[in-house]
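Each chain, letter by letter, is given below.
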Amino acid sequence: MSDSGTAVSVPAADPADPACDVAHGKARLPASTRTLVAVFVSPVARFLLSYARDAGYRPVLVDPDAGLLASGNGADHHGAGQRGPEHHGPGPEVLDGLAALDGLTSVTALAGLADEATDVVVTDHHRPELGPVLRDALASPARWVGVLGNPRHPAPHIPALAALGVPDEQIARVHRPIGLNIGSRTPAEIALATMAGLIADRNGRPGGFEF
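Residues numbered from 1 in each chain as written. Predicted model: local features only at pLDDT ≥ 70, side-chain atom pairs only at ≥ 80, totals over all residues. Heavy atoms only, no water.

J.: Mind laying out the overall build of the protein chain, listing which residues take part and the relevant values?
T.: Within the protein chain one finds eight helices and five strands. Each helix and strand of the protein chain, placed in order from N terminus to C terminus, yields the pattern α-β-α-β-α-α-β-β-α-β-α-α-α. For the protein chain, buried positions account for 34% of its 211 residues. Across the protein chain, every contact between residues at least 6 apart in sequence was considered, and the portion connecting residues at least 24 apart equals 69%. For the protein chain, the accessible surface area stands at approximately 12,300 Å², while carbon and sulfur atoms represent 55% of it. (Helix = DSSP H or I, 4+ residues; strand = E, 2+ residues; numbered from the N terminus. Buried < 20%, exposed > 50% of the residue type's maximum accessible area, 1.4 Å probe, protein only. Contact = heavy atoms within 4.5 Å. Areas by Shrake-Rupley, 256 points an atom, 1.4 Å probe, with all protein chains shown as cover.)

J.: Describe the sheet that holds strand S5 (residues 144-147), with residues and values.
T.: Spatial strand order, S3-S2-S1-S4-S5: five strands in an open sheet with parallel pairing. Each edge of the sheet is formed by a strand with only one pairing partner; in this case those strands are strand S3 (105-107) and S5. For this sheet, the mean angle separating the axes of adjacent strands, direction not counted, is 20°. Sheet topology note: the strand S4 (residues 118-122)/S5 ladder contains four bridges and is parallel. Each bridged residue has a counterpart across the sheet, and for Val-122 the counterpart in S5 is Val-147. Of the strands in this sheet, strand S1 (35-39), strand S2 (58-62) and S4 touch helix H2 (residues 43-54), which is tilted by about 175° from S1. (Pairing = 2+ DSSP bridges. Axes fitted to C-alpha atoms, helices over the stretch in contact; angles between N-to-C directions.)

J.: Please provide a residue-by-residue account of the confidence of the model for the protein chain, values included.
T.: For the protein chain, mean pLDDT is 84; residues scoring 70 or higher make up 76% of the total. Between the elements of the protein chain, mean pLDDT differs from a low of 57, seen in helix H1 (residues 18-23), to a high of 98, seen in S4. Every residue in residues 78-86 scores below 50 in pLDDT, and together they form 13 contacts with partners more than four places removed in sequence or on other chains. (pLDDT = per-residue confidence, 0-100.)

J.: Let's hear about the pattern of salt bridges: which residues, and what values?
T.: Pairs may arise between side chains of opposite charge once their charged atoms sit close together. This model, assessed by the stated rule, comprises seven salt bridges. Close ionic contact of Asp-63 with Arg-127 constitutes a salt bridge, the shortest N to O distance being 2.7 Å. Here Asp-63 is found in the loop between S2 and helix H3 (66-72), whereas its partner Arg-127 is found in the loop between S4 and helix H5 (130-139), with 64 residues between them in sequence. Arg-127 carries the same exposure label as Asp-63, and that label is buried. On the basis of relative accessible area, Arg-127 is assigned to the buried category, the value being 3%. Linked through salt bridges whose partners overlap, the residues forming this network are Asp-119, Arg-143, Asp-201 and Arg-202. (Salt bridge = Lys/Arg side-chain N within 4 Å of Asp/Glu carboxyl O.)

J.: I'd love a proper account of the environment of Arg-173, names of residues and values included.
T.: Assignment of secondary structure puts Arg-173 in the loop between helix H7 (168-171) and helix H8 (187-202). For Arg-173, a relative accessible area of 31% gives the class partly exposed. When the C-alpha positions of Arg-173 and Trp-144 are compared, they lie 8.1 Å apart, and in sequence the two are 29 residues distant.

J.: Account for helix H4 (residues 92-99), with residues named and values stated.
T.: In an α-helix, one full turn covers 3.6 residues, which means residues spaced three or four apart are oriented alike. Val-94, Leu-95 and Leu-98 are the residues of H4 that are buried. The arc that holds every buried residue of H4, seen down its axis, measures 95°, which confines them to one face. (Arc of directions from axis to C-beta.)

J.: With reference to specific residues and values, describe the nonpolar core.
T.: With 24 residues, the main nonpolar core has Leu-36, Val-41, Leu-49 and Leu-61 as its most contacted residues. For this core, the secondary structure elements donating two or more residues are S1, H2, H3, H4 and H8. Top contributing element to this core by residue count: H2, with five residues. What Leu-49 contacts, discounting residues up to four positions off in sequence, is Leu-36, Ala-38, Pro-59, Val-60, Leu-61, Leu-98, Leu-101 and Leu-104. Core analysis: the second largest hydrophobic core is formed by 22 residues, Phe-40, Val-62, Ala-142 and Ile-171 among them. (Core = buried A, V, L, I, M, F, W, Y, C linked by side-chain atoms within 4.5 Å.)

What follows is the structure, encoded as C-alpha cells:
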C-alpha cells in the first residue's frame, strides 16, 4: 500500500505567462486572422474545417463542383456523391455536417481568399481537378500548401502539376504527407493529425511529447 502521507510538490503556475489565463478561460482569446482552406468536399474536410473553426481559423471550403457545394449548403442531396464508378463521393452525413458549420465560406475557386496567414489542405488526391487547384494555391500568397496522401504510394500531384507547366521548385513546396504521425485511420483522426501539424508548424514546434 502506498504511503498516502508522502508530500507531492506541484509547481506553481507562472503568473507571468498570459497563455495560462487563456487556457483556463480567464482571458479572452487573442484575435486571429488565420484561414484554413480545405479543398474538395470530403469526410476529412468536414472534420478539418470544424476543428479549424474551433481553433480560431476562418474555415473556407473550395470545390470546383458547384453542385456539391450547393448540396452542402442545404440543397437536395439527390445525386450527391455520384462522380463515376472510380469515385464514391461524399454522402449525406458529410454534406449535412458541412452545412451545419457556422461561419463556413464555400466557393468554387481560391482566387482572392488566400493571404500570408492562410493554410491550404487538399483533402482528396483522386479528383481530376487536383492539378489546377494546386496550381492556383501555389500561385496565391498562402503560407502553406499540402495534399493528403500515403507516402508509400506515388504522389499524383507531381505529374498533375508538371503537366500544367508548374516549375519543379514550386511543386516542391507542396507538403505530402501532412499532419502528425499518430497512426490516424479515420477521417476524424486524419483531420485531427492535420490540424495539430499545422499548429505545430505555425508555432515552430516539432509536435509530439518532447517540450
